[in-house]
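Descriptive structure summary
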Amino acid sequence: QVQLVESGGGLVQAGGSLRLSCAATGSIFRLNVMAWYRQAPGKQRELVADITSGGSTNYGDSVKGRFTISRDNAKNVVYLQMNSLKPEDTAIYYCYVKYRSRSWAEYDYWGQGTQVTVSS
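Positions within a chain are numbered from 1, following the residues in the order the chain's sequence is written. The predicted nature of this model means local features are confined to residues of pLDDT at least 70 and side-chain atom pairs, given and counted, to a pLDDT of 80 or more, with totals for whole chains, interfaces and linings taken over all residues. Side-chain figures throughout are based on the complete set of non-hydrogen atoms in the structure, without hydrogens or water.

1. Looking at the sheet that holds strand E7 (residues 67-72)
Think of a sheet as strands paired side by side through backbone hydrogen bonds, with each pair either parallel or antiparallel. Strand order in the open sheet formed by four strands is E1-E3-E8-E7, with antiparallel pairing between adjacent strands. Sheet topology places strand E1 (2-7) and E7 at the edges, where each strand pairs with a single neighbour. Strand-to-strand twist in this sheet, taken as the mean axis angle between neighbours without regard to direction, amounts to 15°. Any two strands with at least two DSSP-identified bridges between them are counted as paired. In DSSP terms, a helix is any run of H or I states spanning at least four residues, a strand is any run of E spanning at least two, and both are numbered starting from the N terminus. Judged from the six bridges that link them, E1 and strand E3 (residues 18-26) form a sheet pairing that is antiparallel. From the neighbouring strand, Leu-4 faces E3, where its bridge partner is Ala-24. In this analysis, axes come from line fits to C-alpha atoms, helices being fitted only over the stretch in contact, and the angle between any two N-to-C directions falls in the range 0 to 180 degrees.

2. A word on unusual backbone geometry
In this model, Asn-76 sits at a positive phi of 55°, which is unusual for a non-glycine residue. Overall, Asn-76 belongs to the partly exposed group, its relative accessible area being 23%. At Ser-84, a position not held by glycine, the phi torsion is positive, near 50°. With respect to the helices and strands, the residue Ser-84 is situated in the loop between strand E8 (77-82) and strand E9 (91-100). A 1.4 Å probe rolled over the protein chains alone gives each residue an accessible area, and that area as a share of the maximum for its type sets the label: buried under 20%, exposed over 50%, partly exposed in between.

3. Considerations on the state of the cysteines
Disulfides are defined as cysteine sulfur pairs within 2.5 Å. Counting across every chain of the model gives one disulfide. The disulfide partner of Cys-22 is Cys-95, and the S-S distance across this bridge is 2.1 Å. Taking the sign of the S-S torsion, about -85° here, the bridge from Cys-22 to Cys-95 comes out left-handed. In this pair, Cys-22 sits in strand E3 while Cys-95 sits in strand E9, placing the two residues 73 residues apart along the sequence.

Honestly, that's just the spatial picture; any functional story needs more than this.
Rendered as structure tokens:
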């Protein structure tokens, strides 16, 4: 079993910053990809950013230059530093991991989501 514990969401004014964290625990042999997705009301879930175990990153076009994803491999934690927030960043942010179990099977797992609200 895997658990993802997300934290750091909340309400912030436009131009402000928030930092999201997601800690993965459980029967994980290796965390391959860790990522953040978001879903705004009435919209499809979209990739915000992802990071591989080697540290390669990928960002959605709308957040490039404002958000930074990082991870602590020793603690199995992924972070999302969000700066210069805009009202259109308002969404539920979901942590996602792709991992290998001790049996070497590969799985995807999603967190429950954390609300980020940016007021204008």
